[in-house]
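Observations on the three-dimensional arrangement
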Amino acid sequence: MTAEATAADRDPARVPVRRLTVLYDANCPLCTHVRQWLARQRQLVRLDLVPAGSEEARRRFPGLDHGATLDEITVVADGGQVYRGPAAWVVTLWALAEHRPLAHRLATPAGARLARGAALAAAKWREGHREQPGGGWGGGVYRTADGWVYHPKHGWSRTTPSCADGSCTTG
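Throughout what follows, the structure given in this document is the object of discussion. (Residues numbered from 1 in each chain as written. Predicted model: local features only at pLDDT ≥ 70, side-chain atom pairs only at ≥ 80, totals over all residues. Heavy atoms only, no water.)

**Some points on the nonpolar core**
Of all hydrophobic cores here, the largest spans 23 residues; its most connected members are Leu20, Val22, Leu38, Leu47, Leu49, Val75 and Tyr83. At the level of secondary structure, the elements contributing two or more residues to this core comprise strand 1 (19-24), helix 2 (29-40), strand 2 (46-51), strand 3 (74-77), helix 5 (85-94) and helix 6 (100-106). Of all the elements, helix 5 adds the most residues to this core, at four residues. Ignoring anything within four residues of it in the chain, the contact list for Val22 reads Leu47, Asp48, Leu49, Val50, Ile73, Thr74, Val75 and Thr92. The next biggest cluster of nonpolar side chains, apart from the first, holds eight residues, and it includes Leu23, Ala52, Leu64 and Val82. (Core = buried A, V, L, I, M, F, W, Y, C linked by side-chain atoms within 4.5 Å. Buried < 20%, exposed > 50% of the residue type's maximum accessible area, 1.4 Å probe, protein only. Helix = DSSP H or I, 4+ residues; strand = E, 2+ residues; numbered from the N terminus. Contact = heavy atoms within 4.5 Å.)

**Some thoughts on the sheet that holds strand 2**
Strands sit in the order 2-1-3-4 across an open sheet of four strands; the sheet is mixed. Each of the sheet's edge strands pairs with one partner strand only, and the pair in question is strand 2 and strand 4 (82-84). Neighbouring strand axes in the sheet, compared pairwise and without regard to direction, differ in orientation by 20° on average. Sheet topology note: the strand 1/strand 2 ladder contains six bridges and is parallel. Following the sheet pairing, Tyr24 is matched in strand 2 by Pro51. Of the strands in this sheet, strand 1 and strand 2 touch helix 2, which is tilted by about 155° from strand 2. Here helix 5 sits on the sheet in contact with strand 1, strand 2, strand 3 and strand 4, set at roughly 110° to strand 4. (Pairing = 2+ DSSP bridges. Axes fitted to C-alpha atoms, helices over the stretch in contact; angles between N-to-C directions.)

**A word on the side chain of Gln81**
In this structure, Gln81 sits in the loop between strand 3 and strand 4. Residue classification places Gln81 among the buried positions, given a relative accessible area of 5%. Here the side chain of Gln81 touches Gly79 through a polar contact of 3.3 Å, landing on its backbone nitrogen. (Polar contact = N/O pair within 3.5 Å; in protein donor to acceptor, adjacent residues only side chain to side chain.)

In structure tokens, the structure reads:
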């Protein structure tokens, strides 16, 4: 379920968002640092900080692709809305007293480009510091669900997702 799919069901004037669950990678130093930072902030909307892929995350959200939550920040609102990547960062900032004005700026078309760049920069850093199977750090290829790929030798590129499997939505 996406934020767009539930927009008609969740009129903000009728049903306010009271809680957001931030799923973070507990094995990522950057993610755990941000988690600790979030926990220290004054929250206008309660944030539950839950390790992605954990038993708790699976219990709370059985229909969620938990593998994908380890690849990209995911936030789930109390009404079932699911935010990923830059949108997840924006909605998380929106929940914080000191950062709600910034979230409003990042929700504009110009701000969305900045939010996307920040999310991609975090993903690049994260990939360079991710523990690799068999020990060691960094060096792998990082892929996002929307077609962006980071390769350590080539940098960022984007491939247009194929609609052959019927997964593309039409507007």
